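Chains, contacts and geometry: an overview
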Amino acid sequence: MKISAIKVFVCNPGRNFVTVKVITDEGIYGIGDATLNGREMAVVTCLEEHIIPCLIGRDPHAIEDIWQYLYRGVYWRKGPVNMAAIAAIDMALWDIKGKAANLPVYQLLGGKSRTGVTLYAHASGSSIEDTLDKAEALQQQGFKAIRLQSAIPGLNVTYGVLGDKKDYFELQGNRPLPPEETWSTQKYFSMIEDLFKRGRQRLGNHIHLLHDVHSRLTPIEAARLGKLLEPYHLLFLEDAAIAENQASYEVIRQHTTVPLAIGETYNSIWECKDLIENQLIDYIRTAATHAGGITALRRITDFASIHNVKTAPHGAPDLSPVCFAAHMHINIWAPNFGIQEFVGFGNDKLNDVFSHNFSVSNGMATMTDAPGLGVDFDEEAAAKYPYKRSYLPVSRLEDGTAWHW
Ligand code: EZ4
Ligand code: CO
(Lines give C-alpha, C1' and ligand atoms only; values in the text may rest on other atoms or scores of the structure.)
(Ligands and ions follow the chains in the order given, each with its own letter.)
Protein backbone atom coordinates (compact mmCIF):
# COMPACT_ATOMS: atom_id res chain seq x y z
CA MET A 1 0.00 0.00 0.00
CA LYS A 2 1.22 3.52 -0.81
CA ILE A 3 0.06 7.00 0.09
CA SER A 4 -1.25 8.43 -3.19
CA ALA A 5 -2.65 11.80 -2.05
CA ILE A 6 -3.25 13.87 1.07
CA LYS A 7 -5.95 16.54 1.16
CA VAL A 8 -6.49 19.28 3.73
CA PHE A 9 -9.94 20.77 4.41
CA VAL A 10 -10.86 23.81 6.46
CA CYS A 11 -14.51 24.24 7.38
CA ASN A 12 -16.57 26.18 9.90
CA PRO A 13 -19.65 24.24 11.05
CA GLY A 14 -19.99 26.53 14.10
CA ARG A 15 -16.23 27.00 14.49
CA ASN A 16 -13.13 26.30 12.41
CA PHE A 17 -11.78 22.79 11.92
CA VAL A 18 -8.80 21.62 9.90
CA THR A 19 -9.19 18.03 8.70
CA VAL A 20 -6.66 15.88 6.86
CA LYS A 21 -7.50 12.98 4.59
CA VAL A 22 -4.69 10.55 3.69
CA ILE A 23 -5.62 8.53 0.59
CA THR A 24 -3.91 5.30 -0.49
CA ASP A 25 -3.55 3.54 -3.83
CA GLU A 26 -5.71 0.70 -2.47
CA GLY A 27 -8.73 2.92 -1.90
CA ILE A 28 -8.47 2.96 1.90
CA TYR A 29 -8.25 6.44 3.40
CA GLY A 30 -7.74 7.78 6.90
CA ILE A 31 -8.69 11.07 8.54
CA GLY A 32 -7.01 13.24 11.14
CA ASP A 33 -7.71 16.46 13.08
CA ALA A 34 -5.21 19.35 12.67
CA THR A 35 -7.25 22.14 14.29
CA LEU A 36 -5.24 24.83 16.06
CA ASN A 37 -7.66 27.56 17.11
CA GLY A 38 -6.69 31.05 15.94
CA ARG A 39 -3.81 29.63 13.86
CA GLU A 40 -5.70 27.28 11.54
CA MET A 41 -4.18 28.46 8.27
CA ALA A 42 -0.63 28.18 9.60
CA VAL A 43 -1.18 24.43 10.00
CA VAL A 44 -2.69 24.19 6.52
CA THR A 45 0.42 25.81 5.01
CA CYS A 46 2.73 23.62 7.09
CA LEU A 47 0.95 20.54 5.76
CA GLU A 48 0.51 21.55 2.14
CA GLU A 49 3.84 23.25 1.56
CA HIS A 50 6.20 21.36 3.85
CA ILE A 51 4.89 17.96 4.92
CA ILE A 52 2.57 16.43 2.31
CA PRO A 53 5.09 16.49 -0.59
CA CYS A 54 7.47 14.32 1.52
CA LEU A 55 4.85 11.64 2.19
CA ILE A 56 3.48 10.80 -1.26
CA GLY A 57 4.51 7.27 -2.27
CA ARG A 58 5.37 6.13 1.29
CA ASP A 59 3.99 3.05 3.01
CA PRO A 60 1.14 4.24 5.31
CA HIS A 61 1.73 1.27 7.62
CA ALA A 62 5.08 2.74 8.73
CA ILE A 63 3.40 4.96 11.34
CA GLU A 64 6.33 5.13 13.75
CA ASP A 65 8.87 5.82 11.02
CA ILE A 66 6.73 8.57 9.48
CA TRP A 67 6.28 10.14 12.94
CA GLN A 68 10.06 10.07 13.57
CA TYR A 69 10.76 11.31 10.04
CA LEU A 70 8.52 14.33 10.61
CA TYR A 71 9.68 15.00 14.20
CA ARG A 72 13.28 13.87 14.58
CA GLY A 73 14.14 14.11 10.91
CA VAL A 74 13.69 17.87 10.65
CA TYR A 75 15.79 20.70 12.01
CA TRP A 76 12.78 22.42 13.73
CA ARG A 77 11.14 20.11 16.23
CA LYS A 78 8.01 20.61 18.32
CA GLY A 79 5.86 23.76 18.24
CA PRO A 80 2.06 23.82 18.07
CA VAL A 81 1.79 24.33 14.29
CA ASN A 82 4.22 21.55 13.42
CA MET A 83 2.86 19.13 16.03
CA ALA A 84 -0.79 19.64 14.99
CA ALA A 85 0.26 18.84 11.41
CA ILE A 86 2.14 15.70 12.51
CA ALA A 87 -0.79 14.73 14.75
CA ALA A 88 -3.31 14.81 11.92
CA ILE A 89 -1.12 12.67 9.65
CA ASP A 90 -0.53 10.23 12.53
CA MET A 91 -4.26 9.87 13.35
CA ALA A 92 -5.04 9.28 9.68
CA LEU A 93 -2.36 6.56 9.48
CA TRP A 94 -3.79 4.76 12.54
CA ASP A 95 -7.21 5.02 10.90
CA ILE A 96 -5.80 3.41 7.74
CA LYS A 97 -4.03 0.65 9.67
CA GLY A 98 -7.24 -0.18 11.53
CA LYS A 99 -9.27 -0.25 8.33
CA ALA A 100 -6.67 -2.46 6.63
CA ALA A 101 -6.64 -4.86 9.61
CA ASN A 102 -10.44 -4.63 9.97
CA LEU A 103 -9.96 -3.75 13.64
CA PRO A 104 -10.79 -0.69 15.78
CA VAL A 105 -7.67 1.29 16.72
CA TYR A 106 -7.97 0.39 20.43
CA GLN A 107 -7.37 -3.25 19.46
CA LEU A 108 -4.09 -2.24 17.80
CA LEU A 109 -3.04 -0.42 20.97
CA GLY A 110 -3.54 -3.48 23.17
CA GLY A 111 -7.26 -3.97 23.53
CA LYS A 112 -9.87 -2.94 26.09
CA SER A 113 -9.02 -2.08 29.69
CA ARG A 114 -12.60 -0.95 30.43
CA THR A 115 -16.11 -1.11 29.06
CA GLY A 116 -16.73 2.64 28.81
CA VAL A 117 -15.14 6.05 29.25
CA THR A 118 -16.12 8.19 32.24
CA LEU A 119 -16.78 11.79 31.25
CA TYR A 120 -16.78 15.09 33.06
CA ALA A 121 -19.34 17.61 31.88
CA HIS A 122 -19.29 21.40 32.20
CA ALA A 123 -21.62 23.49 34.36
CA SER A 124 -20.93 27.18 33.67
CA GLY A 125 -23.31 29.80 34.99
CA SER A 126 -23.87 33.53 35.27
CA SER A 127 -24.07 33.11 39.07
CA ILE A 128 -23.34 30.35 41.60
CA GLU A 129 -27.05 29.55 41.64
CA ASP A 130 -27.16 29.28 37.86
CA THR A 131 -24.05 27.06 37.80
CA LEU A 132 -25.52 24.73 40.41
CA ASP A 133 -28.88 24.55 38.59
CA LYS A 134 -26.96 23.40 35.50
CA ALA A 135 -24.84 21.00 37.54
CA GLU A 136 -27.93 19.46 39.10
CA ALA A 137 -29.46 18.93 35.64
CA LEU A 138 -26.26 17.17 34.51
CA GLN A 139 -26.26 15.07 37.66
CA GLN A 140 -29.84 14.02 36.86
CA GLN A 141 -28.71 13.01 33.38
CA GLY A 142 -26.27 10.63 35.05
CA PHE A 143 -22.96 12.49 34.89
CA LYS A 144 -20.61 11.37 37.65
CA ALA A 145 -18.18 14.24 37.33
CA ILE A 146 -18.92 17.91 36.73
CA ARG A 147 -16.69 20.94 36.22
CA LEU A 148 -18.05 24.02 38.01
CA GLN A 149 -17.33 27.52 36.63
CA SER A 150 -19.20 30.65 37.65
CA ALA A 151 -19.22 34.30 36.68
CA ILE A 152 -17.20 36.50 39.01
CA PRO A 153 -19.11 39.44 40.52
CA GLY A 154 -17.45 42.69 39.45
CA LEU A 155 -15.99 41.33 36.19
CA ASN A 156 -18.04 41.69 33.02
CA VAL A 157 -16.75 38.46 31.45
CA THR A 158 -15.45 35.30 33.14
CA TYR A 159 -13.61 32.36 31.61
CA GLY A 160 -16.02 29.59 30.71
CA VAL A 161 -19.13 31.71 31.14
CA LEU A 162 -20.96 33.53 28.39
CA GLY A 163 -22.41 36.98 28.86
CA ASP A 164 -24.99 36.41 26.15
CA LYS A 165 -26.10 33.15 27.76
CA LYS A 166 -25.21 30.75 24.97
CA ASP A 167 -24.40 27.27 26.14
CA TYR A 168 -20.65 27.39 25.72
CA PHE A 169 -18.48 30.47 25.72
CA GLU A 170 -16.56 29.53 22.63
CA LEU A 171 -19.54 28.87 20.43
CA GLN A 172 -20.53 32.50 20.35
CA GLY A 173 -19.68 32.72 16.69
CA ASN A 174 -16.72 33.92 14.78
CA ARG A 175 -14.69 36.80 15.99
CA PRO A 176 -12.76 38.66 13.29
CA LEU A 177 -10.40 40.09 15.94
CA PRO A 178 -9.76 38.91 19.49
CA PRO A 179 -12.11 40.41 22.10
CA GLU A 180 -10.51 41.40 25.41
CA GLU A 181 -11.53 40.24 28.86
CA THR A 182 -10.58 41.45 32.31
CA TRP A 183 -9.21 39.36 35.15
CA SER A 184 -8.97 40.06 38.88
CA THR A 185 -7.52 37.43 41.21
CA GLN A 186 -8.96 39.23 44.23
CA LYS A 187 -12.50 39.20 42.83
CA TYR A 188 -12.11 35.56 41.84
CA PHE A 189 -11.15 34.61 45.39
CA SER A 190 -14.24 36.42 46.69
CA MET A 191 -16.43 33.94 44.74
CA ILE A 192 -14.64 30.63 44.41
CA GLU A 193 -14.94 29.04 47.85
CA ASP A 194 -18.67 29.69 47.94
CA LEU A 195 -19.10 27.94 44.61
CA PHE A 196 -17.68 24.70 46.00
CA LYS A 197 -19.14 25.02 49.48
CA ARG A 198 -22.63 25.46 48.04
CA GLY A 199 -21.86 22.92 45.31
CA ARG A 200 -21.13 20.20 47.88
CA GLN A 201 -24.20 21.15 49.91
CA ARG A 202 -26.47 20.93 46.90
CA LEU A 203 -24.90 18.10 44.86
CA GLY A 204 -23.75 15.87 47.70
CA ASN A 205 -20.55 13.93 48.23
CA HIS A 206 -21.01 11.22 45.62
CA ILE A 207 -20.32 13.38 42.60
CA HIS A 208 -16.83 14.31 41.40
CA LEU A 209 -16.32 18.06 41.18
CA LEU A 210 -13.65 19.76 39.09
CA HIS A 211 -12.57 23.31 38.33
CA ASP A 212 -10.51 24.98 35.59
CA VAL A 213 -8.48 28.02 36.70
CA HIS A 214 -7.31 28.54 33.14
CA SER A 215 -3.84 29.55 34.31
CA ARG A 216 -4.96 32.86 35.79
CA LEU A 217 -3.09 32.43 39.12
CA THR A 218 0.56 32.62 40.13
CA PRO A 219 1.97 29.44 41.74
CA ILE A 220 1.62 30.75 45.31
CA GLU A 221 -1.95 31.94 44.61
CA ALA A 222 -2.71 28.51 43.16
CA ALA A 223 -1.34 26.97 46.37
CA ARG A 224 -3.69 29.18 48.38
CA LEU A 225 -6.61 28.12 46.21
CA GLY A 226 -5.72 24.45 46.59
CA LYS A 227 -5.72 24.74 50.38
CA LEU A 228 -8.99 26.68 50.31
CA LEU A 229 -10.72 24.00 48.24
CA GLU A 230 -9.35 20.95 50.10
CA PRO A 231 -12.53 20.50 52.19
CA TYR A 232 -14.55 20.05 48.97
CA HIS A 233 -12.28 17.25 47.67
CA LEU A 234 -12.07 18.03 43.98
CA LEU A 235 -11.21 15.29 41.50
CA PHE A 236 -8.70 17.81 40.19
CA LEU A 237 -7.87 21.47 39.84
CA GLU A 238 -7.03 22.22 36.22
CA ASP A 239 -4.42 24.67 34.92
CA ALA A 240 -3.99 26.26 38.34
CA ALA A 241 -0.96 28.21 37.08
CA ILE A 242 1.26 28.36 34.01
CA ALA A 243 4.01 25.73 34.14
CA GLU A 244 6.35 26.91 31.39
CA ASN A 245 8.83 26.73 34.23
CA GLN A 246 7.86 23.25 35.39
CA ALA A 247 9.50 23.80 38.80
CA SER A 248 6.70 26.29 39.57
CA TYR A 249 4.48 23.36 40.43
CA GLU A 250 6.76 22.44 43.33
CA VAL A 251 5.45 25.58 45.04
CA ILE A 252 1.83 24.44 44.67
CA ARG A 253 2.63 20.87 45.64
CA GLN A 254 4.42 21.89 48.83
CA HIS A 255 1.24 23.47 50.16
CA THR A 256 -1.76 21.46 49.12
CA THR A 257 -3.09 17.95 48.55
CA VAL A 258 -5.59 19.08 45.87
CA PRO A 259 -4.98 16.87 42.82
CA LEU A 260 -3.51 18.88 39.93
CA ALA A 261 -4.13 18.57 36.19
CA ILE A 262 -2.44 20.33 33.27
CA GLY A 263 -1.47 19.85 29.64
CA GLU A 264 -4.23 20.80 27.18
CA THR A 265 -1.90 23.19 25.32
CA TYR A 266 1.21 21.00 25.46
CA ASN A 267 2.76 19.98 22.17
CA SER A 268 5.17 17.32 23.32
CA ILE A 269 6.19 15.10 26.20
CA TRP A 270 9.03 17.53 26.95
CA GLU A 271 6.60 20.15 28.29
CA CYS A 272 5.34 17.77 30.95
CA LYS A 273 8.34 15.50 31.52
CA ASP A 274 9.48 17.14 34.78
CA LEU A 275 5.92 17.53 36.05
CA ILE A 276 5.28 13.82 35.54
CA GLU A 277 8.68 12.52 36.61
CA ASN A 278 8.63 14.52 39.85
CA GLN A 279 4.97 13.61 40.47
CA LEU A 280 4.01 17.28 40.61
CA ILE A 281 0.72 16.58 38.83
CA ASP A 282 -1.94 13.87 39.07
CA TYR A 283 -3.57 14.11 35.63
CA ILE A 284 -1.98 14.86 32.25
CA ARG A 285 -4.44 16.52 29.85
CA THR A 286 -2.57 16.38 26.52
CA ALA A 287 -4.74 16.07 23.40
CA ALA A 288 -4.03 13.87 20.39
CA THR A 289 -4.39 16.84 18.02
CA HIS A 290 -2.00 19.13 19.89
CA ALA A 291 0.62 16.77 21.29
CA GLY A 292 1.55 14.84 18.13
CA GLY A 293 -1.19 12.29 17.53
CA ILE A 294 -1.95 8.83 18.82
CA THR A 295 1.69 7.74 18.63
CA ALA A 296 2.78 10.60 20.90
CA LEU A 297 -0.15 10.33 23.29
CA ARG A 298 0.48 6.62 23.75
CA ARG A 299 4.09 7.42 24.72
CA ILE A 300 3.05 10.15 27.18
CA THR A 301 0.42 7.79 28.65
CA ASP A 302 2.95 5.02 29.28
CA PHE A 303 5.48 7.45 30.75
CA ALA A 304 2.78 8.90 33.03
CA SER A 305 1.64 5.46 34.17
CA ILE A 306 4.95 4.63 35.83
CA HIS A 307 4.73 7.88 37.83
CA ASN A 308 1.17 7.43 39.09
CA VAL A 309 -0.16 10.10 36.76
CA LYS A 310 -3.50 9.42 35.08
CA THR A 311 -4.74 10.78 31.77
CA ALA A 312 -7.60 13.26 31.35
CA PRO A 313 -7.60 14.28 27.68
CA HIS A 314 -8.75 17.74 26.62
CA GLY A 315 -12.28 17.62 25.21
CA ALA A 316 -13.12 21.18 24.20
CA PRO A 317 -15.27 22.08 21.18
CA ASP A 318 -12.21 23.24 19.25
CA LEU A 319 -11.11 19.60 18.93
CA SER A 320 -13.02 17.88 16.14
CA PRO A 321 -14.88 14.58 16.54
CA VAL A 322 -11.85 12.98 14.87
CA CYS A 323 -9.73 13.92 17.88
CA PHE A 324 -12.49 12.78 20.24
CA ALA A 325 -12.47 9.40 18.47
CA ALA A 326 -8.68 9.17 18.82
CA HIS A 327 -9.11 9.86 22.54
CA MET A 328 -11.85 7.23 22.83
CA HIS A 329 -9.51 4.55 21.49
CA ILE A 330 -6.64 5.61 23.75
CA ASN A 331 -8.98 5.93 26.76
CA ILE A 332 -10.42 2.46 26.28
CA TRP A 333 -6.92 0.98 26.14
CA ALA A 334 -4.89 3.10 28.63
CA PRO A 335 -4.30 1.28 31.94
CA ASN A 336 -3.94 4.68 33.63
CA PHE A 337 -6.94 6.41 32.04
CA GLY A 338 -8.53 8.88 34.45
CA ILE A 339 -11.41 10.83 32.89
CA GLN A 340 -12.39 12.42 29.58
CA GLU A 341 -13.56 16.04 29.30
CA PHE A 342 -16.85 16.26 27.41
CA VAL A 343 -18.86 19.23 26.14
CA GLY A 344 -21.39 17.40 23.97
CA PHE A 345 -21.24 16.18 20.41
CA GLY A 346 -21.93 19.55 18.90
CA ASN A 347 -24.64 21.07 16.79
CA ASP A 348 -26.43 19.90 13.65
CA LYS A 349 -23.87 21.52 11.37
CA LEU A 350 -21.03 19.63 13.05
CA ASN A 351 -22.93 16.37 12.79
CA ASP A 352 -23.58 17.13 9.12
CA VAL A 353 -19.81 17.21 8.47
CA PHE A 354 -18.52 14.52 10.86
CA SER A 355 -20.16 11.17 11.49
CA HIS A 356 -19.08 8.99 14.39
CA ASN A 357 -19.95 5.82 16.29
CA PHE A 358 -19.83 6.97 19.90
CA SER A 359 -22.71 7.69 22.24
CA VAL A 360 -23.21 8.84 25.82
CA SER A 361 -25.40 7.44 28.50
CA ASN A 362 -25.24 7.78 32.26
CA GLY A 363 -22.13 9.95 32.09
CA MET A 364 -20.15 7.34 30.15
CA ALA A 365 -19.11 7.30 26.49
CA THR A 366 -19.02 4.06 24.55
CA MET A 367 -18.53 3.28 20.87
CA THR A 368 -19.62 0.51 18.61
CA ASP A 369 -16.83 -1.46 16.96
CA ALA A 370 -15.82 -0.16 13.54
CA PRO A 371 -12.52 -0.55 11.68
CA GLY A 372 -10.02 2.27 12.26
CA LEU A 373 -11.09 5.36 14.21
CA GLY A 374 -14.77 4.95 13.36
CA VAL A 375 -15.28 8.59 12.29
CA ASP A 376 -15.86 9.99 8.83
CA PHE A 377 -15.72 13.38 7.16
CA ASP A 378 -18.19 14.54 4.49
CA GLU A 379 -16.33 16.76 2.00
CA GLU A 380 -19.49 18.09 0.35
CA ALA A 381 -21.12 18.99 3.64
CA ALA A 382 -17.90 20.69 4.77
CA ALA A 383 -17.86 22.85 1.63
CA LYS A 384 -21.13 24.44 2.79
CA TYR A 385 -19.39 25.93 5.83
CA PRO A 386 -16.36 27.98 4.72
CA TYR A 387 -13.50 29.08 7.00
CA LYS A 388 -13.83 32.41 8.80
CA ARG A 389 -10.97 34.05 10.68
CA SER A 390 -11.69 33.70 14.38
CA TYR A 391 -9.94 34.15 17.72
CA LEU A 392 -10.33 33.36 21.39
CA PRO A 393 -10.33 36.37 23.72
CA VAL A 394 -7.24 37.99 25.20
CA SER A 395 -7.09 38.39 28.98
CA ARG A 396 -5.92 41.57 30.79
CA LEU A 397 -5.66 42.60 34.42
CA GLU A 398 -7.80 45.54 35.51
CA ASP A 399 -4.86 47.94 35.01
CA GLY A 400 -4.49 46.78 31.40
CA THR A 401 -1.58 44.36 31.85
CA ALA A 402 -1.76 41.45 29.39
CA TRP A 403 -2.40 38.28 31.37
CA HIS A 404 -2.40 34.52 30.86
CA TRP A 405 -5.13 33.02 28.68
O1 EZ4 B 1 -10.72 26.99 26.87
O2 EZ4 B 1 -10.07 24.63 24.28
O3 EZ4 B 1 -10.63 22.49 29.64
N4 EZ4 B 1 -10.99 23.04 28.69
C5 EZ4 B 1 -10.57 24.24 28.29
C6 EZ4 B 1 -11.07 24.66 26.94
C7 EZ4 B 1 -10.29 25.79 26.32
C8 EZ4 B 1 -10.52 25.79 24.87
C9 EZ4 B 1 -9.90 26.94 24.13
O10 EZ4 B 1 -10.47 26.97 22.85
O11 EZ4 B 1 -9.85 24.90 28.96
O12 EZ4 B 1 -12.42 24.91 26.99
CO1 CO C 1 -8.93 23.69 30.44
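Because the structure is a prediction, the values reported are computed rather than measured.

With 14 residues, helix α5 (residues 128-141) extends 20 Å from end C-alpha to end C-alpha; this agrees with the ideal 20 Å at 1.5 Å per step. If you check which residues of α5 are buried, you get Ile128, Asp130, Thr131, Leu132, Ala135 and Leu138. Contact partners of the buried residues in α5: β4 (117-125), β5 (145-150) and α6 (185-203). Two residues or fewer after α5 comes Gly142, characterised by a positive phi angle close to 110°.

Attention shifts here to helix α1 (residues 40-55). Across its 16 residues, α1 extends 21 Å between first and last C-alpha, which sits within 8% of the 22 Å expected from 1.5 Å per residue. Along its length, α1 reaches its greatest deviation from straightness, about 40°, at Leu47. For α1, the full list of buried residues reads Glu40, Val43, Val44, Cys46, Leu47, Ile51, Ile52 and Leu55. For α1, the elements touching its buried residues are β1 (3-11), β2 (17-24), α2 (63-71) and α3 (80-101). Looking at the residues trailing α1, positive phi occurs at Gly57, about 95°.

This part takes up the coordination of the cobalt ion (ligand 2). Taken together, Asp212 (OD), Glu238 (OE) and Glu264 (OE) make up the full set of protein donors to the cobalt ion (ligand 2), lying 1.9 to 2.2 Å away. Considering all six donor atoms around the cobalt ion (ligand 2), angles at the metal cover 24 to 179° and the coordination shape is irregular. Donor residues binding the cobalt ion (ligand 2) come from one chain and are separated in sequence as D-x25-E-x25-E. Highlighted residues: Glu238 in strand β8 (residues 236-238) and Glu264 in the loop between β9 (260-262) and α9 (273-277), separated in sequence by 26 residues. Glu238 sits in the buried class, given a relative accessible area of 0%. Looking at Glu264, the relative accessible area reads 9%, which means it is buried.

Across the sheet, three strands lie side by side as β1-β2-β3; this open sheet has antiparallel pairing. Since the sheet does not close on itself, it has two edges, and those belong to β1 and β3 (29-33), each with one partner. Strand-to-strand twist in this sheet, taken as the mean axis angle between neighbours without regard to direction, amounts to 20°. In terms of strand pairing, β1 meets β2 through eight bridges, oriented antiparallel. Among the inter-strand pairings, Val8 is bridged to a residue of β2, identified as Val20. In the packing of α1 onto the sheet, contacts are made with β1 and β2, and the angle to β1 comes to roughly 175°.

Its volume calculated, the largest pocket comes out at about 1,000 Å³. In terms of lining, the largest pocket is formed by 38 residues, of which the most central are Asn37, Glu264, Thr265, Leu392 and Trp405. Split into classes, the residues belonging to the lining of the largest pocket amount to 16 nonpolar, 11 polar and 11 charged. Counting only domains with at least three residues in the lining of the largest pocket, you end up with domain 1 (3-104) and domain 2 (109-371).

Under the definition given, this model contains four cavities of 30 Å³ or more. As a volume, the second largest cavity reaches approximately 80 Å³. Taken together, Gln149, Ser150, Ile152, Thr158, Tyr159, Trp183, Tyr188, Met191, His211, Asp212, Val213 and Arg216 make up the lining of the second largest cavity. Broken down by secondary-structure element, the contributors of at least two residues to the lining of the second largest cavity are β5, α6 and β7 (208-212).

This brings us to the pattern of salt bridges. A side chain of one charge can pair with a side chain of the opposite charge if their charged atoms are brought near each other. This model, assessed by the stated rule, comprises 21 salt bridges. Between Asp212 and Arg147 there is a salt bridge; the shortest N-O distance is 3.1 Å. Within this pair, whereas Asp212 is found in strand β7, its partner Arg147 is found in strand β5, the two being separated by 65 residues in sequence. An identical accessibility class is assigned to Asp212 and Arg147; each is buried.

A word on the domain arrangement of the protein chain. Partitioning the protein chain into structural domains gives domain 1 (3-104) and domain 2 (109-371). Distance from the C-alpha centre of domain 1 to the C-alpha centre of domain 2: 26 Å. Domain 1 puts 35 residues into the contact, and the matching count from domain 2 is 34 residues. Both sides together, the interface formed by domain 1 and domain 2 hides about 2,600 Å², and carbon and sulfur atoms give 60% of it.

Ranked by size, the top nonpolar core spans 120 residues in total, and within it Leu47, Ile89, Leu148, Tyr188 and Tyr249 carry the most contacts. Among the elements that line this core, the one with the most residues is α3, at 12 residues. Taken together, domain 1 (3-104) and domain 2 (109-371) each give at least three residues to this core, which thus spans both. With residues up to four places along the chain from it excluded, the contact list for Leu47 reads Val8, Val20, Ala34, Ile52, Pro53, Ala85 and Ile89. Counting nine residues, the second largest nonpolar core, distinct from the first, contains Tyr120, Leu235, Phe236 and Ala261.

Thresholds, definitions, all that
Residues numbered from 1 in each chain as written. Chains lettered and ligands numbered in written order. Predicted model: local features only at pLDDT ≥ 70, side-chain atom pairs only at ≥ 80, totals over all residues. Heavy atoms only, no water. Helix = DSSP H or I, 4+ residues; strand = E, 2+ residues; numbered from the N terminus. Expected span 1.5 Å × (residues − 1). Buried < 20%, exposed > 50% of the residue type's maximum accessible area, 1.4 Å probe, protein only. Contact = heavy atoms within 4.5 Å. Bend = angle between axes of the 7 residues up to and from the residue. Donors = N, O, S within 2.8 Å, 3.2 Å for Na, K, Ca; no water. Tetrahedral: all angles 85-135°; square planar, octahedral: opposite > 155°, others 65-115°. Pairing = 2+ DSSP bridges. Axes fitted to C-alpha atoms, helices over the stretch in contact; angles between N-to-C directions. 1 Å grid on protein atoms, 1.4 Å probe; cavity = no way out; pocket = protein on both sides within 12 Å on 5 of 7 lines; lining within 4 Å. Points joined across faces, edges and corners; volume = space filled by probe spheres on them. Nonpolar A, V, L, I, M, F, W, Y, C, P; charged D, E, K, R; others polar. Domains from an automatic or database assignment. Salt bridge = Lys/Arg side-chain N within 4 Å of Asp/Glu carboxyl O. Buried area = accessible area lost by both parts, 1.4 Å probe. Core = buried A, V, L, I, M, F, W, Y, C linked by side-chain atoms within 4.5 Å.

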